[in-house]
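So you can see what is in the structure, the chains are spelled out below.
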Amino acid sequence: MKKLTIFLTLLGLVAITAAVAWSGVGSVVHAVMRIGLGGFLLMVCCQLAVNGVLGLAWHAALPEIGYLRLLGARMVRDAAATCLPFSQLGGIVIGIRATCSGHGLHGRGARQIDWPEAASANLVDITTEVMGQVAFVLLGVAFLVAHQRSSPFVVPVIIGAVFLMLGTAGFIWTQRHGGSIFRKFGGMFTRSLASQWHDSMLSGADTLQERMEAIWSRPGRICLSAAYHLLGWLGSAGMLWMTANMLGAPLTLPNAVAIEGVTCAVMSLGFLVPGSLGVQEGAYMALGHAFGIDSSVSLGLSLLRRGRELAIGIPVLLLWQVMEMRGLRQPVIKKTADVSYGPAPTVVKDS
C-alpha cells in the first residue's frame, strides 16, 4: 500500500503538471489571480459554513456526542485526506483518533470516547455522507442530461452511481452484521499492529458491534444526517458556481450542480489516489469543456479548490497537533506534581 500510494501521488502530480503545461502556465495563473484576495477569502468563509453543515449532519446521527467535538474531528479528517499524502482511508484513521481525543473542543468535564465509539461514529458519518452523495450525483446527472443528452459522461456516471448504491448497501450490511466477521478474522486484520493495539482491537470488537447496532436502530436520525450531507454537497456546488462567475465563466447553478456531482462520482472511483491528485483536475477540465468553459479556467477552478482546502486544512492540522501534544503532556505533568507534592515521608527515630 505504501508503494502504491507513493506511485499514485507521483502520477497525480505529473498529471497536474501536464495539464498546466497543456493549458498554458500564463493562462492558468491569470485565471487564478482574477479572483483576488477578497474572493479567495470569501471562498474560505463559504467552505467553513459548509463544514458547519457537515458537523450538523454528524451530530444529527449521534446527538450523544458534542457538536464541537464532531465538527473538529470532521475538519481534521478532511484536512488529513486533502493535505497529507494519505488516501481517504488514512484520513479515516486520523479522524477516529481525533474523535477519541477532542482536546480543547469540549470543556474539562467531558466524557472520554473510546475507540469503538469513535470508529462507529466515523463509519456511520461516512455512510450517511455517501448516501447524500448518491442523491447529489443523480441530481447532477439529471442536470447534465438536460444540458447535453449526448454527453459521454452520462452512461459511465450512472453505472458508477449504481455501483456506489450497491457498495453503500453492502457497507451498511457490514456495519450491522460485521462484528462476527471481525471476531473471526480479527487476528489476521491486526497482526501487524503493536501488541497493545492488537489486544485492544480484538477486545473492542463486541463493543463496536453493539454501538453500530444502536446507531442504526434510529433510521430517522440516519435519514436526517443524509439530508444534511446532501445540503452540504449542494453548498459545494454553490461555491463552484460562485467561483466560476468570479473568474468570468458563464455558469448557471444547475450546470454547477452537474459539474460538481459528476466530479464527485469520478473522485469516488479514484479514492485510493491521495488528495485525488490529477483525478479532480481531469474531471473539471473534461466537464468544463462540455459546458463551454476554457480549460485554463477549469484548471483554475480546481487549483482554487485545492488552495481553499490547504488554507483551512493546514491550520486545522497544526492546531490539532498542538492539542495532541498538550493532551499527552498533561498526564506527565500530573504525575510529576503528585510525586513532588505528595505527603512527606514519615521519619522513625531510634529509641
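Quick caveat, the model's predicted, so the values are computed rather than measured.

**With respect to the overall build of the protein**
Then comes step 1: For the protein, the count of helices and strands is 14 helices and zero strands.
Then comes step 2: When the helices and strands of the protein are read in sequence order from the N terminus, they spell out α-α-α-α-α-α-α-α-α-α-α-α-α-α.
Then comes step 3: When the 351 residues of the protein are sorted by exposure, 45% land in the buried category.
Then comes step 4: Of the contacts formed within the protein by residues at least 6 apart in sequence, a portion of 73% connects residues at least 24 apart.
Then comes step 5: Surface summary for the protein: the accessible area is close to 18300 Å², and the carbon and sulfur share equals 70%.

**A closer look at the side chain of Ser236**
Then comes step 1: Along the chain, Ser236 turns up in helix 11 (residues 219-246).
Then comes step 2: For Ser236, a relative accessible area of 14% gives the class buried.

**Regarding the UniProt feature "transmembrane region" (unreviewed entry) in the protein**
Then comes step 1: Per the UniProt entry, the sites bearing "transmembrane region" (unreviewed entry) are residues 37-61, 130-147, 153-174, 222-244 and 256-277 in this numbering.
Then comes step 2: Across residues 37-61, the secondary structure splits into 100% helix and 0% strand, with the terminal C-alpha atoms separated by 37 Å.

**A look at the environment of Ala286**
Then comes step 1: Along the polypeptide, Ala286 turns up in helix 13 (residues 279-290).
Then comes step 2: Judged by relative accessible area, which is 30%, Ala286 ranks as partly exposed.
Then comes step 3: Along the chain, Ala286 and Phe153 lie 133 residues apart, while their C-alpha atoms are 9.4 Å from each other.

**Focus: the packing of aromatic side chains**
Then comes step 1: Scanning all chains against the criterion turns up one aromatic pair.
Then comes step 2: A cation over an aromatic ring shows up here: Arg77 above the ring of Trp58, its NZ or CZ 5.2 Å from the ring centre.

**Some remarks on the side chain of Thr263**
Then comes step 1: With respect to the secondary-structure elements, Thr263 resides in helix 12 (residues 253-269).
Then comes step 2: For Thr263, a relative accessible area of 0% gives the class buried.
Then comes step 3: Here Ile259 takes part through its backbone oxygen, which lies 2.6 Å from a polar atom of the side chain of Thr263.
Then comes step 4: The residues contacting Thr263, other than those within four sequence positions of it, are Ala283, Tyr284 and Leu287.

**Brief notes about the nonpolar core**
One broad rule of soluble globular proteins: the nonpolar side chains tend to lie buried together.
Then comes step 1: Core analysis: the biggest nonpolar cluster contains 31 residues, and Trp58, Leu62, Ile65, Val76, Val124, Trp216 and Val316 have the highest contact counts within it.
Then comes step 2: Among the secondary structure elements, those contributing two or more residues to this core are helix 3 (36-61), helix 4 (67-83), helix 5 (88-101), helix 6 (115-147), helix 10 (205-216) and helix 14 (295-340).
Then comes step 3: For this core, the element with the highest residue contribution is helix 4, accounting for seven residues.

**Things to note about a nonpolar patch on the surface**
Then comes step 1: On the surface, Leu138, Val155, Ile158, Ile159, Val162, Phe163, Met165 and Leu166 cluster together into a nonpolar patch covering about 730 Å² of accessible area.
Then comes step 2: Counting residues per element, the nonpolar patch draws most heavily on helix 7 (residues 154-177), which supplies seven residues.

**What about the pattern of salt bridges?**
Then comes step 1: Tallied over the full model, the rule gives ten salt bridges.
Then comes step 2: The partner of Arg218 in a salt bridge is Glu64, and the shortest N-O contact between them spans 3.4 Å. Of this pair, Arg218 sits in the loop between helix 10 and helix 11 while Glu64 sits in the loop between helix 3 and helix 4, and the two are 154 residues apart along the sequence.
Then comes step 3: A residue is classified by how much of its surface remains accessible, and Arg218, at 25% relative accessible area, is partly exposed.
Then comes step 4: When its relative accessible area of 40% is taken as the criterion, Glu64 is described as partly exposed.
Then comes step 5: In this structure, the salt-bridge partner of Arg211 is Glu117, at a minimum N-O distance of 3.8 Å. Remark: Glu117 occurs in helix 6 and Arg211 occurs in helix 10; sequence separation between them is 94 residues.
Then comes step 6: Counted as one network, the salt bridges with shared partners bring together Arg74, Arg77, Asp78, Asp125 and Glu129.

**Re the packing of helix 3 against helix 4**
Then comes step 1: Following both chains from N to C, one finds helix 3 and helix 4 inclined at 120 degrees, their axes separated by 9 Å at the closest point. Classed by the angle they form, the pair helix 3 and helix 4 counts as oblique. Between helix 3 and helix 4 the crossing geometry is right-handed. Here helix 3 contributes Leu48, Asn51, Gly52, Leu54, Gly55, Leu56, Trp58 and His59 to the contact with helix 4, which in turn contributes Tyr67, Leu70, Leu71, Ala73, Arg74, Met75, Arg77 and Asp78.
Then comes step 2: For the contact of helix 3 with helix 4, the per-class residue count stands at nine nonpolar, four polar and three charged.

**Details of helix 12**
For an α-helix, the turn length of 3.6 residues means that residues three or four places apart are oriented alike.
Then comes step 1: Taking 1.5 Å of rise per residue, the 17 residues of helix 12 would be expected to cover 24 Å, and the 25 Å separating its terminal C-alpha atoms lies within 8% of that figure.
Then comes step 2: Taking burial as the measure, the 17 residues of helix 12 include twelve buried ones, the bulk of the element.
Then comes step 3: For helix 12, the complete set of buried residues consists of Asn255, Ala256, Val257, Ala258, Ile259, Glu260, Gly261, Val262, Thr263, Cys264, Ala265 and Met267.

**Quick word on the environment of Ala161**
Then comes step 1: Mapped onto the elements, Ala161 comes out in helix 7.
Then comes step 2: Spatially, the C-alpha atoms of Ala161 and Ser268 are 9.9 Å apart, while their sequence positions differ by 107 residues.
Then comes step 3: Ignoring any residue separated from it by four or fewer positions in sequence, one finds Ala161 in contact with Val137 and Leu138.

What counts, and where the lines are drawn
- Residues numbered from 1 in each chain as written.
- Predicted model: local features only at pLDDT ≥ 70, side-chain atom pairs only at ≥ 80, totals over all residues.
- Heavy atoms only, no water.
- Helix = DSSP H or I, 4+ residues; strand = E, 2+ residues; numbered from the N terminus.
- Buried < 20%, exposed > 50% of the residue type's maximum accessible area, 1.4 Å probe, protein only.
- Contact = heavy atoms within 4.5 Å.
- Areas by Shrake-Rupley, 256 points an atom, 1.4 Å probe, with all protein chains shown as cover.
- UniProt positions renumbered as here; feature names shortened; annotations may be inferred.
- Phe/Tyr/Trp six-rings, centres within 6.5 Å; stacked < 30°, edge-to-face > 60°.
- Lys NZ or Arg CZ within 6 Å of the ring centre and 35° of its normal.
- Polar contact = N/O pair within 3.5 Å; in protein donor to acceptor, adjacent residues only side chain to side chain.
- Core = buried A, V, L, I, M, F, W, Y, C linked by side-chain atoms within 4.5 Å.
- Patch = residues over 30% accessible without salt bridge, like charges linked within 9 Å, V, L, I, M, F, W, Y side chains within 5 Å.
- Salt bridge = Lys/Arg side-chain N within 4 Å of Asp/Glu carboxyl O.
- Axes fitted to C-alpha atoms, helices over the stretch in contact; angles between N-to-C directions.
- Parallel < 35°, antiparallel > 145°, perpendicular 65-115°, else oblique.
- Left-handed = near helix turned anticlockwise from the far one by under 90°.
- Nonpolar A, V, L, I, M, F, W, Y, C, P; charged D, E, K, R; others polar.
- Expected span 1.5 Å × (residues − 1).

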